[in-house]
Amino acid sequence: MPFREVNSKMVEATVVPGQKMFSQRGAMLAYRGDVSFTPNIGGGQGGLMSMIGRRVANEATPLMTVEGSGTVMFGHGGHHIQVIALTGDTLYVEADRLLAFDGTLQQGTMFLGSQGGVMGMVRGQVTGQGLFTTTLKGHGSVAVMAHGGVIELPITPGRAVHVDPQAYVAHHGDVRNKLSTALGWRDMVGRGSGEAFQLELSGSGAVYVQASEEKL
């Protein structure tokens, strides 16, 4: 795993020749060795569609390409950092929660409505988060940001997990997501999330939940 957790708000990554990493702009805290940081205008490995996805979702998260030989310390805004290891599966994560990830991972963008139907589309309007979620697939590691710490909740067949959409950080595995209302439309006036909306995740995998509903 290229990321070593220095503390709950900082990770260290090893950069080796011939391999790339991607990080959020402004995430580099310090580095040792011969390491370069180059703005990536193509949206990382996902290319143009990945970049368009973030723009349409109003999640303008510019990436930096990290190359060379050395070690880099990453952190951003004092947020809690969670390292997630992928072993061939796909991670779904909000673009603005990405801190850094292996360049070997394949990027993409998923429209939440494709899994959640009409209610999946409503999520972006009600919670203020984007309608698009970034996907990372393959073998490698991802460092994501959250408020107040993160807990990993397993998702097993027959036992769905319900999450406040604003507390959602990421999920992976063979998982279906569906946004549902816990109250009638009339009762939802003035309520942003939590009591009014629930993100239901079912299948087999895991979901990462942050301790605070505060947006990044």
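The rules behind each value
Residues numbered from 1 in each chain as written. Predicted model: local features only at pLDDT ≥ 70, side-chain atom pairs only at ≥ 80, totals over all residues. Heavy atoms only, no water. Phe/Tyr/Trp six-rings, centres within 6.5 Å; stacked < 30°, edge-to-face > 60°. Helix = DSSP H or I, 4+ residues; strand = E, 2+ residues; numbered from the N terminus. Buried < 20%, exposed > 50% of the residue type's maximum accessible area, 1.4 Å probe, protein only. Salt bridge = Lys/Arg side-chain N within 4 Å of Asp/Glu carboxyl O. Pairing = 2+ DSSP bridges. Core = buried A, V, L, I, M, F, W, Y, C linked by side-chain atoms within 4.5 Å. Contact = heavy atoms within 4.5 Å.

For the coordinates displayed, the defined rule picks out two aromatic pairs. Relative to Phe101, the ring of Phe22 has its centre 5.6 Å away and its plane inclined at 35°; by these criteria the two rings are tilted. Taken together, the positions of Phe22 in strand S3 (residues 21-24) and Phe101 in strand S7 (residues 98-102) put the pair 79 residues apart, joining distant regions of the chain. As far as the burial class goes, Phe22 and Phe101 line up, both buried.

Considering all chains together, one arrives at two salt bridges under this definition. For Arg32, the salt bridge goes to Glu12, with nearest N and O atoms at 2.8 Å. Of this pair, Arg32 sits in strand S4 (residues 28-40) while Glu12 sits in strand S2 (residues 10-15), placing them 20 residues apart in sequence. One salt-bridge network, in which partners are shared between bridges, spans Arg4, Glu12 and Arg32.

Alignment of strand S1 (residues 3-7) against S2, held across four bridges, turns out to be antiparallel. When the bridges of S2 are listed, Phe3 appears paired with Ala13. Remark: two residues form the turn of the hairpin made by S1 and S2, two consecutive strands paired antiparallel.

The biggest cluster of nonpolar side chains holds 17 residues, and the ones touching the most others in it are Leu86, Leu91, Leu98, Phe101, Leu136, Val142 and Val144. Contributions of two or more residues to this core are made by strand S6 (80-93), S7, strand S9 (132-146) and strand S12 (168-181). Excluding residues within four positions of it along the chain, Leu98 makes contact with Gln24, Val93, Thr134, Leu136, Val142, Ala143, Val144 and Met145. Within the second largest apolar cluster, 16 residues are counted, among which are Phe74, Val83, Ala143 and Met145.

A separate point is the environment of Gly33. Relative to the elements of secondary structure, Gly33 occurs in strand S4. Aside from chain neighbours lying at most four places away, what touches Gly33 is Ser69 and Gly70.

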